[in-house]
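# Fold and contact review
Chain residues, written in single-letter form:
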Protein chains: 2
Amino acid sequence: MVLDVWFTEKHEDKQGISLKVKEILYNGESEFQKIDIIDTEAYGRVLLLDGLVMTTEKDEFFYHEMISHVPLLAHPCPEKVLIIGGGDGGTIREVLKHPSVKEVTLCEIDKAVIDVSREYLPSIACCIDDSRVKIHIEDAVEHIKRKKNSFDAVLIDSTDPLGPGVGLFTEEFYANVRESLRGNGVMAAQTESPVTCQKEFKLINSLLNKVFSVVKPYFAPVPTYPGGNWSWTFCSKGLQPEINNESLAIEIEKTSKYYNREIYKAVFAVPNYVKNMMD
Amino acid sequence: MVLDVWFTEKHEDKQGISLKVKEILYNGESEFQKIDIIDTEAYGRVLLLDGLVMTTEKDEFFYHEMISHVPLLAHPCPEKVLIIGGGDGGTIREVLKHPSVKEVTLCEIDKAVIDVSREYLPSIACCIDDSRVKIHIEDAVEHIKRKKNSFDAVLIDSTDPLGPGVGLFTEEFYANVRESLRGNGVMAAQTESPVTCQKEFKLINSLLNKVFSVVKPYFAPVPTYPGGNWSWTFCSKGLQPEINNESLAIEIEKTSKYYNREIYKAVFAVPNYVKNMMD
C-alpha cells in the first residue's frame, strides 16, 4: 500500500489509538459482528471485531499471559479449563503450557472468529487444534447453565460489554460461572480499563463481589487498548491469587514475555485512584 | 468549536494517540521549541512541546508522583532538590509535599514553558511561586557542571532525547549529576517507554549503569504517552529504592492518586520482555 493510510479506534468519541496500515488483509461480517484483519507497521497483524482492536501479533502476550497464568498458577492442579470467548486462540496457547491441563473447552459464540484467526494469526491461533481442546460454538450464557461442578478454571476472554458480549457481564452469568467451578476452582475475567472504562470497571467489580468471596482486580499494560492499560479480575470461593507451585511458576516464566514471579505479585497492587473509585 | 477536530501525536510514523479537541487555547514558539495548549474532551488541557504531549490535566498525576515520591521516599531526609526541565511545575508541586525539603531549584532551559504553564495549567503549576522554589533559566548541561556535592535529589524531568533535551541523555551529563549529589543523594530520570522507545530505553540504561552503582528502572502507566506506559529510573551511589520513613510514606499516600506503598514496590517489577531486551 503506497498511500499513507491510518486506522483509528475511537473510544467514546473522545480519544483514540491510531495505527499506520500496511495492508488490509480481510474484511468480513459474520452473523454476530464485523471481522477485519489489518497489517500494521507498529503491531503486526491486528484482529478487529466491530472496528475495535481485539488483539495484535506484537502486544497480545500482555493480555494472554495475564488472563491465563495468573489464575492457573494459583490453582493446585488445574485439569479442566473453560475459556469463554477467546476465539483467536491466544488464551488456549497459554493454558496448554500448564502440564496438569487435560481438557480445554473453548466456548465461542462466533465460529468465524476462530476461522479467520486460524488463517491470518497463526502465531496466536497455533494451538486451537491441539487434541486437548474441545470447541463449542455456542453462546456461553446458555452453555454455562448446563455445567455444574465441572471446571478447575473458567477464563472469560470476552469482548467489551457491547454487542454479542453483553450477556457475559451480568450477576446471573457470574453466578452460573461460580456454580460451574469444582473444588478450588478459580475464575479470571477481562474487566475493562480502569482509566478509560471506569463505569464498566466499577459495575463489573460490584457484580463480582455479590457472587464470589475472593475478588481481586489486577492491572497490566495492553498498548493497543484504549488508555494503554487494562484490568482483569481474579475470583474464587476462597483460594487467594498466590503462586501455588513454585517450580511450575519458574517453568512458565522461561517462555513468558510479560509474566514472571515478581510481576505476578506486582499486578495486584491497586493504584490509589482505583481504590478511590471503588469507595 | 463545532467542528469535529482531532489532534494526533504520531510516534515514528507507525502509531499515534488521538485526542478530540474542544478548543485550541494557545499557539506559540519560543527560542527553543513550539509550545501549544489544547483543551481536550478526554484529558482536559494538554501541554504540547514541538507537537508532542508533555502533560495533561487528567493524567499528569501518574508521571509527577512517580518522578518525585519514588526517589524522595528512599532518601532519609531530602532538603535540597534539583529539578531539571519540569517547567510545567507538576514535579515541584509533588516535591513540596515532603516536609524536609527546604529548597527546590528548577533548572529549565525555556522560560516560555513556565509562563505558559502558569497561565493555562494552574492545577499543575500551582507551586512554582512557592518561597522554597528557585528558578534558573539555563541549560542544565551547563548548570550541573558548577554544582558539586550540592543536592539530596536530582530529578530529570526532561523532554525526549530530541531538540533542546538531547544533551540530557549523555554519559558526561549523568556523571555531572552524580557529582552534584551529596551524601545519600538519589537521582530519578524519565527514561522513555519500554514498549515504543526500546532503543532509547536501552541506551539510557546502559549509560546510567556506567555512572551509578544502583540503577533500577521502574514502570507505570501514562495513558497519553505513546504505548500508554512509561519508565523512570532510580539511581544512587548505594541507597536502594526502598521506603525510608514509613509514616511519611503513609502521609504522602493520603493525597496521591497513583502512588501508595504497595505501588512503590510493584513499579520495580521488571517484565520479562524488558529483562530480555537488556540482556
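Residues numbered from 1 in each chain as written. Chains lettered and ligands numbered in written order. Predicted model: local features only at pLDDT ≥ 70, side-chain atom pairs only at ≥ 80, totals over all residues.

With that settled, consider the overall build of chain A. Per the secondary structure count, chain A includes ten helices and twelve strands. Relative to the globule expectation of 19 Å for 279 residues, the C-alpha radius of gyration of chain A, 18 Å, shows essentially globular dimensions. Judged by the C-alpha coordinates and their principal axes, chain A covers about 55 × 45 × 40 Å. Considering chain A as a whole, with its 279 residues, one finds that 51% of them fall into the buried category. Across chain A, every contact between residues at least 6 apart in sequence was considered, and the portion connecting residues at least 24 apart equals 65%. (Helix = DSSP H or I, 4+ residues; strand = E, 2+ residues; numbered from the N terminus. Rg over C-alpha atoms; globule rule 2.2 N^0.38 Å. Buried ≥ 20, exposed ≤ 12 C-beta atoms within 10 Å, placed from the backbone. Contact = placed C-beta atoms within 7 Å.)

A few words on helix α3 (residues 111-120) of chain A. What sets the pattern is the α-helix's 3.6 residues per turn: residues three or four places apart point alike. For α3(A), every residue scored as buried is listed here: V113(A), V116(A), S117(A) and Y120(A). Down the axis of α3(A), the buried set is contained in an arc of 100°. They therefore lie on one face. (Arc of directions from axis to C-beta.)

The next thing to look at is the environment of P122(B). Residues and elements named next belong to chain B. When you line up the elements, P122 lands in helix α4 (residues 122-125). Taking the C-beta count within 10 Å as the criterion, P122 has 12 such neighbours and is therefore assigned exposed. Note: C-alpha distance between P122 and G90 (32 residues apart in sequence) is 9.9 Å.

Before going further, it helps to spend a moment on the sheet that holds strand β11 (residues 214-221) of chain A. Residues and elements named next belong to chain A. Taken together, seven strands build an open sheet; the order of strands is β8-β7-β6-β9-β10-β12-β11 and the sheet is mixed. Strands with a single pairing partner mark the edges of an open sheet, and in this sheet they are β8 (133-137) and β11. Ignoring strand direction, the axes of neighbouring strands in this sheet form an average angle of 15°. Where strand β6 (residues 80-85) and strand β7 (residues 103-108) come together, five bridges link them in parallel fashion. Within β7, the position partnered with L82 by the bridge is T105. (Pairing = 2+ DSSP bridges. Axes fitted to C-alpha atoms, helices over the stretch in contact; angles between N-to-C directions.)

With that settled, the discussion passes to the relation of the copies chain B and chain A. Laying chain B over chain A is done by rotating through 180° and shifting 0.0 Å along the axis; what remains is an RMSD of 0.0 Å. On the angle and the small slide along the axis, the relation comes out as a two-fold axis. A symmetric contact is evident, with 100% of the interface residues of chain B recurring at the interface of chain A. (Least-squares fit on C-alpha atoms with pLDDT ≥ 70 in both.)

Residues and elements named next belong to chain B. Ordered in space as β8-β7-β6-β9-β10-β12-β11, the seven strands form an open sheet in which the pairing is mixed. The open sheet terminates on both sides in strands that have one partner only, identified here as β8 (133-137) and β11 (214-221). Looking at each pair of strands side by side, their axes are set apart by 15° on average, direction ignored. Note that strand β7 (residues 103-108) and β8 share five bridges and pair parallel. Paired with T105 across the two strands is K134, which belongs to β8.

This next bit is on the domain arrangement of chain A. All names here are of chain A. Under the domain assignment, chain A is made up of domain 1 (6-55) and domain 2 (60-278). Each of domain 1 and domain 2 was reduced to a C-alpha centroid, and the two centroids are 22 Å apart. Facing 20 residues of domain 1, the contacting portion of domain 2 comprises 21 residues. Of all the secondary-structure elements, those providing two or more residues to the side of domain 1 that touches domain 2 are β2 (15-29), β3 (34-40), β4 (44-49) and β5 (52-56). (Domains from an automatic or database assignment.)

With that settled, the discussion passes to the interface of chain B and chain A. At the junction of the two partners, chain B supplies 30 residues and chain A supplies 30 residues. When residues of the side of chain B that touches chain A are traced back to their parent elements, those giving at least two are β2 (15-29), α9 (261-266) and α10 (272-278) of chain B. With six residues, the top contributor of residues to the side of chain B that touches chain A is β2(B). When the residues that make up the side of chain B that touches chain A are grouped by side-chain class, the tally is 13 nonpolar, ten polar and seven charged. In the sheet, β2(A) pairs with β2(B) via five bridges, with the strands oriented antiparallel. What sits directly across from Q15(A), in β2(B), is L19(B). (Nonpolar A, V, L, I, M, F, W, Y, C, P; charged D, E, K, R; others polar.)

On to the nonpolar core. In terms of nonpolar packing, the biggest core is built from 151 residues, with V154(A) and V154(B) touching the most fellow members. With sequence-adjacent residues up to four places away left out, V154(B) is seen in contact with L82(B), I84(B), V177(B), S180(B), L181(B) and M187(B). (Core = buried A, V, L, I, M, F, W, Y, C linked by C-beta atoms within 7 Å.)

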